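One-letter residues, chain by chain:
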Amino acid sequence: MLNQNEKNAPVRVGIIGLGTVGQGFLRLLLKNQGLIRERLGFPLALGGVCEKNPETLKGLTLPPECVVYREWKEMVLDPRISLVVELVGGLEPARSILLEAMKAGKSVVTANKALLARHGEEIFGAAASHGVDLGFEASVGGGIPILRTLRESLAGDRILRLAGIINGTANYILTRMSREGLEFETVLSEAQRHGYAESDPTYDIDGIDSAHKIAILATMAFGSPVNLQEIPVEGIRQIKPIDLEFGREFGYVLKLLGIAVDHGDSLDIRVHPSFLPENSLLSEVDGVFNAIELSGQALGPLLLYGRGAGGDPTATAVMGDVMECARGVFHGARAQVPALGFPFSGRIRRPLRPISAIFSEYYLRFMAQDQPGTLSYLAGILGDRGISIESVIQKGRDRGGSVPVVVTTHRATESQIRDSLAIIDASHHVTEKTVVIRIEDVSMEGSLS
Ligand code: HSE
């Protein structure tokens, strides 16, 4: 309960790492100081900052009471700091900062999805054992309040499935490839020149960043620890404009999706490019925007859409967490809601379905010899393995090579598709490896079966 002697004493927050998000947080704190105080009912003060780059520090105006720490350990151990915000990114020293701060009895806030996806068990376990709050809203979807929605607003409902566009860089690239018919490499290098894509874009374009985020979302939605290494992940490097064009003819738009489905005894969690019907909500999410669609058993469908990156939007998520942690400190009532929405020790680990066992509809682009019998050969191999064809397009004429033959299928397992393609791709009927893109059922009617 509130200690009357300390009624007007501010809760002091310390920030480690003043990059884009850190500076966004400082701007928000300064700009909305009055509003934040009104909402909290007590003052929140910037008690300290720690930043390795002296140039960054030189450019900032800090409040007079703010201590500049040379070493993160000094801040973490300073009893005047009640809350530590880790915004350095990467695995170390971020992991040690969070663990040491919690050990010192401080609540912590982070935006570090890679760290939580890889070392979540250790970090969430430490929050539970030290009885402190751990806020990580900014780790998924930037400014979109998806984690608090799962943890609190939907705490009484069962989440059946989730699908999200959770990487803005990949979505920007796919949007431009689709609108302008450009090659992947052309859009990527232009995006890098303009600073929209990182100089090392591997995590964004190979689906790894989306895998970190879907691991966090699935852990919170389903109450099961998720082993990042077991998530099947495909990125967008191999996507060709011709497939976006064919997809459009079938009425589809391509998106890099993170997908998580609760099948009761197992979970289906994966990241890959997916064709979505052009009239679905997610297919309209373009450019750097993110969106997460979910289905609750009682709620039905829900869509959250917004800016998934950037200093100011992500800073709002950090601030929401900081204010929640600050209330816990001020009122002496921390960890009222477990960080993951489920008690740490009360979670039940469920196995992940291997990709071979998933059901989907498929887009298959064969580069086929334009000869009598080719189509019946392809249809025969698919039909023999129980795969039903939905539609077929062949475009152009063979000019000494091969022609694209595009088939869309009804629902089949991935192993049916792989078995068929192993035979087809080894035959003389095709000249290249067949392109396979899953077509996602976005009816959001859920699962548990
Ligand atoms: N690199 C991420 C993206 C933003 O491109 O969406 C931070 O999560």
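Residues numbered from 1 in each chain as written. Predicted model: local features only at pLDDT ≥ 70, side-chain atom pairs only at ≥ 80, totals over all residues. Heavy atoms only, no water.

Chemist: Help me understand the overall build of the chain, please; the structure alone is not making it clear to me.
Modeler: When helices and strands are counted, the chain shows 15 helices and 16 strands. Radius of gyration (C-alpha) of the chain: 25 Å, near the 22 Å computed for a compact globule of 449 residues. Taken along its principal axes, the extent of the C-alpha atoms in the chain is 90 × 45 × 35 Å. Per-residue burial over the chain gives 53% buried out of 449 residues. Restricting the contact set of the chain to residue pairs at least 6 apart, pairs at least 24 apart contribute 74%. Within the structure as shown, the chain displays about 19,400 Å² of accessible surface, and the carbon and sulfur contribution to it stands at 50%. In the chain, the 45 positive side-chain charges and the 53 negative ones have mean positions that sit 5 Å from each other. (Helix = DSSP H or I, 4+ residues; strand = E, 2+ residues; numbered from the N terminus. Rg over C-alpha atoms; globule rule 2.2 N^0.38 Å. Buried < 20%, exposed > 50% of the residue type's maximum accessible area, 1.4 Å probe, protein only. Contact = heavy atoms within 4.5 Å. Areas by Shrake-Rupley, 256 points an atom, 1.4 Å probe, with all protein chains shown as cover. Lys, Arg positive; Asp, Glu negative; His and termini not counted. Charge placed at Lys NZ, Arg CZ, Asp CG, Glu CD.)

Chemist: It is not clear to me how the site of the ligand should be interpreted in this structure. Could you clarify?
Modeler: Taken together, the neighbourhood of the ligand is formed by Lys113, Asn167, Gly168, Thr169, Asp204, Asp209, Lys213 and Ala309. Asn167 places a side-chain nitrogen or oxygen 3.5 Å from an oxygen atom of the ligand. Here an oxygen atom of the ligand and a side-chain polar atom of Lys213 are 2.7 Å apart. For the shell around the ligand, the elements supplying multiple residues, two or more each, are helix 8 (168-180) and helix 11 (208-222). (Near = heavy atom within 4 Å. Polar contact = N/O pair within 3.5 Å; in protein donor to acceptor, adjacent residues only side chain to side chain.)

Chemist: Whenever I open this one, a nonpolar patch on the surface confuses me. Can you help?
Modeler: Taken together, the side chains of Leu281, Leu303 and Tyr305 make up a nonpolar region of the molecular surface, amounting to roughly 290 Å² of accessible area. Relative to the elements of secondary structure, Leu281 occurs in the loop between strand 9 (267-277) and strand 10 (289-296). (Patch = residues over 30% accessible without salt bridge, like charges linked within 9 Å, V, L, I, M, F, W, Y side chains within 5 Å. Salt bridge = Lys/Arg side-chain N within 4 Å of Asp/Glu carboxyl O.)

Chemist: Honestly, the side chain of Thr56 in this entry has me stumped. Any pointers?
Modeler: Looking at where Thr56 falls in the secondary structure, it is placed in helix 3 (residues 54-58). Classification of Thr56 as buried rests on a relative accessible area of 17%. In contact with Thr56, not counting residues within four places along its chain, are Leu18, Gln23 and Glu51.

Chemist: Sorry, what's going on with the domain arrangement of the chain here?
Modeler: Interface size, as often reported, equals the accessible area lost upon joining of the parts. With domains assigned, the chain is organised as domain 1 (11-142 + 311-346), domain 2 (156-306) and domain 3 (355-439). Measuring from the centre of the C-alpha atoms in domain 1 to the corresponding centre in domain 3 gives 51 Å. (Domains from an automatic or database assignment.)

Chemist: Looking at this structure, I do not really get the pairing of strand 4 (residues 83-86). What am I missing?
Modeler: Note on strand geometry: in a regular strand, side chains alternate between the two faces of the sheet. Burial along strand 4 is two-sided: the residues Leu83 and Val85 and Val84 and Glu86 are all buried. Taken together, the 4 bridges between strand 1 (residues 11-16) and strand 4 define a ladder with parallel strand orientation. Considered in strand 4, the bridge of Gly14 is made with Val84. Pairing between strand 4 and strand 5 (residues 107-110): 4 bridges, direction parallel. What sits directly across from Val84, in strand 5, is Val108. Handedness of the crossover joining strand 4 and strand 5 through helix 5 (residues 94-103) is recorded here as right-handed. (Pairing = 2+ DSSP bridges. Right-handed = clockwise from strand over helix to strand, strands pointing away.)

Chemist: Could you clarify how one ought to interpret helix 9 (residues 184-193) in this entry?
Modeler: Structurally, the α-helix is built with 3.6 residues per turn, so residues lying three or four positions apart point the same way. Here helix 9 has its buried residues at Phe184, Val187, Leu188 and Ala191. Projected down its long axis, helix 9 carries its buried residues within an arc of 100 degrees, all on one side. Tucked into the core, helix 9 has its buried residues touching helix 8 and helix 10 (202-205). Just past helix 9, the residue Gly195 takes up positive phi, approximately 80 degrees. (Arc of directions from axis to C-beta.)

Chemist: Quick question: what am I supposed to make of the sheet that holds strand 2 (residues 44-50) here?
Modeler: The strands making up a sheet are joined through hydrogen bonds of the backbone, oriented either antiparallel or parallel. Spatially, 6 strands are ordered 3-2-1-4-5-6 in an open sheet, and the strand pairing comes out parallel. In this open sheet, the two strands that pair with only one neighbour each are strand 3 (67-69) and strand 6 (134-135). Against the sheet, helix 5 touches strand 1, strand 4 and strand 5, its axis set at about 170 degrees to strand 4. (Axes fitted to C-alpha atoms, helices over the stretch in contact; angles between N-to-C directions.)

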